[in-house]
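Inside the fold
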Amino acid sequence: MIPQKTLDWNPGDPEQAMSLPARYFYDEGIFRQEREKIFYPAWHAIAHESEFEEAGSYVVTDIFDQSVIVMRGPDGALRAFHNACQHRGNRLLHDRRGKTHAVIRCGYHSWCYNQDGTLRTAPRTERLKGFDKSKFGLKPVKLETMGLFDQLPAWNEATIGTLEERRAKLGDPARRSALRRDMDGSQRRTIAADMRRSDGEQGQVSMFKWDSTFIDDVHLDKNQHLRGKTVAQIAKEQGKHPVDALLDLAVEEDLKTEFSMQDFINNNEEAVGQILKHPLTLIGASDGGAHTKFLTLGRYPTHFLAHWVRDKQIMTLEEAHWRLSAMLGWAIGIRDRGWLREGMPADIVVYELEKLAVRPMETIKDLPDGDWRRVQKADGYNYLIVNGQVTFEDGKCTGVLPGKMLRSYDMAG
Ligand code: FES
């Protein structure tokens, strides 16, 4: 707990409450307490399991000042260890990710560890009386895997393991009836839950709806004609249960097919409309844009203006602009943005309301190492102006970079 005396307000009185004072974001003492009491004991997401397809595949992560290796062992098990040699604590692996061949070798005095963390060889220790190699394995770190299917036992079992194991299990006809039963039960529970809830929020697996689960990309040429169709469509065309249609395709393509779910949360239009119109709702300040790998949540300003303001007319354009700019800036402590006034920084968006539209999601490879991410561009924007300079013209980047990171504590001086 942060000592009461460090708080500037009475947390028991919501009418007095402010957002966290700026120093809570940079005060060393508060950070130390958070690190010890919140971040170290918490779970840290390291990587997707597909990064550990083969024995010896590893990912190294730093949890503050501690380095941790997560590695697939020769027995198929996934383990985590401290990235420190048991001889003199030398850092063992330096690359972020990669694959070791048979052993992890310390560059200092050549102690070698097996891919399961046990000590294999330690030069000259054979002369040491009573040296017990089994006591000098890499120190384990608690590791768990979690998945979208954790709530469904048959799916959970079938989606864990190496690529070969998962492909075999998901293609196994003997497992299919349990997989169908799990999914059908989940969907029945979802529909019942949807009928009870007015906020449109749903659970994890319950988000699967076959008529809004799309085949986004396929691996084999022979399946190109399936792109853009829903699982419900291909199941009907093939006369199969949707689970079989989905899994037959995925297994045929070595689990490389990409599926996308659209509108899987917040899909109750009436409820969302009510939330947006509430005078205290902040439209934005979210993590839109944070999940670059799998989601394209950063499309919300275009969707809000085109769908909710232009088509549904839930508020005036003036109010919508104020909500997306000045109101938001004030709420997060950035007070000199969001106004068109002499002397203010000229951050301006010029668009044509009738042409505003969100384009389909696309996958591009522009991350370091040729890695991919998803993006969703928009039509209808004539100019994006940052600090008085045009950064985008008719959707094309001008290459000018006049922006800078804004932080609310800079405003507080
Ligand atoms: S520190 Fe690793 S072998 Fe000596």
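Parameters and conventions
- Each residue is numbered by its place in its chain's sequence as written, counting from 1.
- Totals for whole chains, interfaces and linings use every residue, but because this is a predicted model, local features are given only for residues with pLDDT of at least 70 and side-chain atom pairs only at 80 or more, for both listing and counting.
- Helix and strand definitions here come from DSSP, where helices need a minimum of 4 consecutive H or I residues and strands a minimum of 2 consecutive E residues; each element is numbered from the N-terminal end.
- Here a residue counts as buried when 20 or more other C-beta atoms fall within 10 Å of its C-beta, as exposed when 12 or fewer do, and as partly exposed in between; the C-beta atoms come from the backbone.
- By definition, residues are in contact whenever their C-beta atoms, placed on the basis of the backbone, come within 7 Å of each other.
- In predicted models, pLDDT denotes the confidence assigned by the predictor to each residue on a 0 to 100 scale.
- By the convention used here, strands pair only if DSSP detects at least 2 bridges between them.

Concerning the overall build of the protein chain
Summing up its helical and strand segments, the protein chain has 11 helices and 18 strands in all. Within the protein chain, buried positions represent 16% of all 413 residues. Sequence separation of 24 or more characterises 48% of the internal contacts of the protein chain that already satisfy a separation of 6 or more.

Thoughts on the confidence of the model for the protein chain
For the protein chain, mean pLDDT is 86; residues scoring 70 or higher make up 87% of the total. Across residues 197-205, where pLDDT falls below 50, the model places 23 contacts with residues more than four positions away in sequence or in other chains.

Points about the sheet that holds strand E1 (residues 57-63)
What the 5 strands build is an open sheet, ordered E4-E1-E2-E3-E8; its pairing is antiparallel. This sheet does not close on itself; its edge strands, each paired only once, are strand E4 (97-99) and strand E8 (140-141).

A short note on helix H6 (residues 242-252)
All of the buried residues in H6 are Pro-242, Val-243, Ala-245, Leu-246, Leu-247, Leu-249 and Ala-250. Where H6 terminates, the next one or two residues include Asp-254, which has phi positive at roughly 60°.

Some details on the environment of Gly-388
Locating Gly-388 in the fold gives a position in the loop between strand E16 (381-386) and strand E17 (389-393). On the neighbour-count criterion, Gly-388 (10 C-beta atoms within 10 Å) is exposed. Between the C-alpha atom of Gly-388 and that of Met-344, which follows or precedes it by 44 residues, the distance is 10.0 Å.

Some remarks on the sheet that holds strand E18 (residues 396-397)
The antiparallel open sheet is built from 4 strands, whose spatial order is E11-E16-E17-E18. The open sheet has two edge strands, strand E11 (348-351) and E18, and neither has a second partner. Judged from the 4 bridges that link them, E16 and E17 form a sheet pairing that is antiparallel. Counterpart to Val-386 in the pairing with E17 is Gln-389.

Describing unusual backbone geometry
Within the chain, Gln-313 stands out as a residue other than glycine whose phi angle is a positive 50°. Following the sequence through the fold, Gln-313 ends up in the loop between helix H8 (300-311) and helix H9 (317-324). For Gln-313, a count of 9 C-beta atoms within 10 Å puts it in the exposed group.

A short note on the environment of Leu-249
Looking at the secondary structure, you find Leu-249 in helix H6. Residue Leu-249 is classed as buried on the basis of its 20 C-beta neighbours within 10 Å. The spacing of Leu-249 and Gly-171 is 78 residues in sequence and 9.7 Å in space, taken between C-alpha atoms. Leaving out residues up to four positions away in the same chain, Leu-249 has contacts with Asn-223, Leu-226 and Thr-257.

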